[in-house]
Amino acid sequence: LATVGPGARPHLVPVTFALAADTVVSAVDAKPKSTRRLRRLANIEANPAVCLLADHYSDDWDTLWWVRADGHAAVHATAPARVAELLADKYRQYREQPPEGPFVVVRVETWRGWSAR
């Protein structure tokens, strides 16, 4: 997840996510963190423009691919409808220990991608 920080500096962090049509959801979960007041959340609140990138790497370069989602995000203190369910459907860990949030909901405006095949 890439956000825009103070002074228009990019801030990039890996996130777990789930997808429903043109909406990508993520959550602040129980994995160890130095704080729950994360830079990505402050960045989104100041500037909601975000970018997400997912890729597949392999030594077999014929199987390489990536997809990028550009859009606008919002931070929610509690899980909006279906967000926790989408994440739990994808991640066993979230079924066992549901994320408490905050939650990030990205409305994707543009999809871009590439595949070697």
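You'll find the structure just up there.
Every value quoted in this text rests on a predicted model; they were computed, and no experiment measured them.

1. Some thoughts on helix H1 (residues 39-46)
Residues spaced three or four apart along an α-helix face the same direction, because each turn holds 3.6 residues.
Reasoning step 1: When H1 is considered as a whole, its buried residues turn out to be Arg40, Leu41, Asn43 and Ile44. Taken around the axis of H1, the buried residues stretch over an arc of 160 degrees, which confines them to a single face. Pointing more than 90 degrees away from the buried face of H1 are the exposed residues Glu45 and Ala46.
Reasoning step 2: In this structure, the buried side of H1 is in contact with strand S1 (2-4), strand S2 (10-12), strand S5 (49-56), strand S6 (65-76) and strand S7 (103-115).

2. A closer look at the pattern of salt bridges
Reasoning step 1: Within this structure, the stated rule accounts for 2 salt bridges.
Reasoning step 2: Put simply, Asp70 and Arg68 hold a salt bridge, and the shortest N to O gap is 3.1 Å.
Reasoning step 3: Among the ionic pairs, Glu96 bridges to Arg92, the shortest N-O distance being 3.3 Å. You can see Glu96 and its partner Arg92 sitting in helix H3 (residues 92-96), 4 residues apart, about one turn around the helix.
Reasoning step 4: We classify Glu96 as exposed; its relative accessible area is 57%.

3. Here we look at the nonpolar core
Reasoning step 1: If you look at the biggest cluster of nonpolar residues, it comprises 14 residues, and the most contacted ones within it are Leu1, Ile44, Val50, Leu52, Ala73, Val104 and Val106.
Reasoning step 2: Contributing elements (two or more residues each) for this core: H1, S5, S6 and S7.
Reasoning step 3: The leading source of residues in this core is S7, at 3 residues.
Reasoning step 4: The contacts of Val104, once residues within four sequence positions are left out, are Val24, Val25, Ser26, Leu41, Ile44, Ala73 and Ala74.
Reasoning step 5: Counting 11 residues, the second-largest nonpolar core is a separate cluster that includes Ala27, Leu87, Tyr91 and Tyr94.

Thresholds applied
Residues numbered from 1 in each chain as written. Predicted model: local features only at pLDDT ≥ 70, side-chain atom pairs only at ≥ 80, totals over all residues. Heavy atoms only, no water. Buried < 20%, exposed > 50% of the residue type's maximum accessible area, 1.4 Å probe, protein only. Helix = DSSP H or I, 4+ residues; strand = E, 2+ residues; numbered from the N terminus. Arc of directions from axis to C-beta. Contact = heavy atoms within 4.5 Å. Salt bridge = Lys/Arg side-chain N within 4 Å of Asp/Glu carboxyl O. Core = buried A, V, L, I, M, F, W, Y, C linked by side-chain atoms within 4.5 Å.

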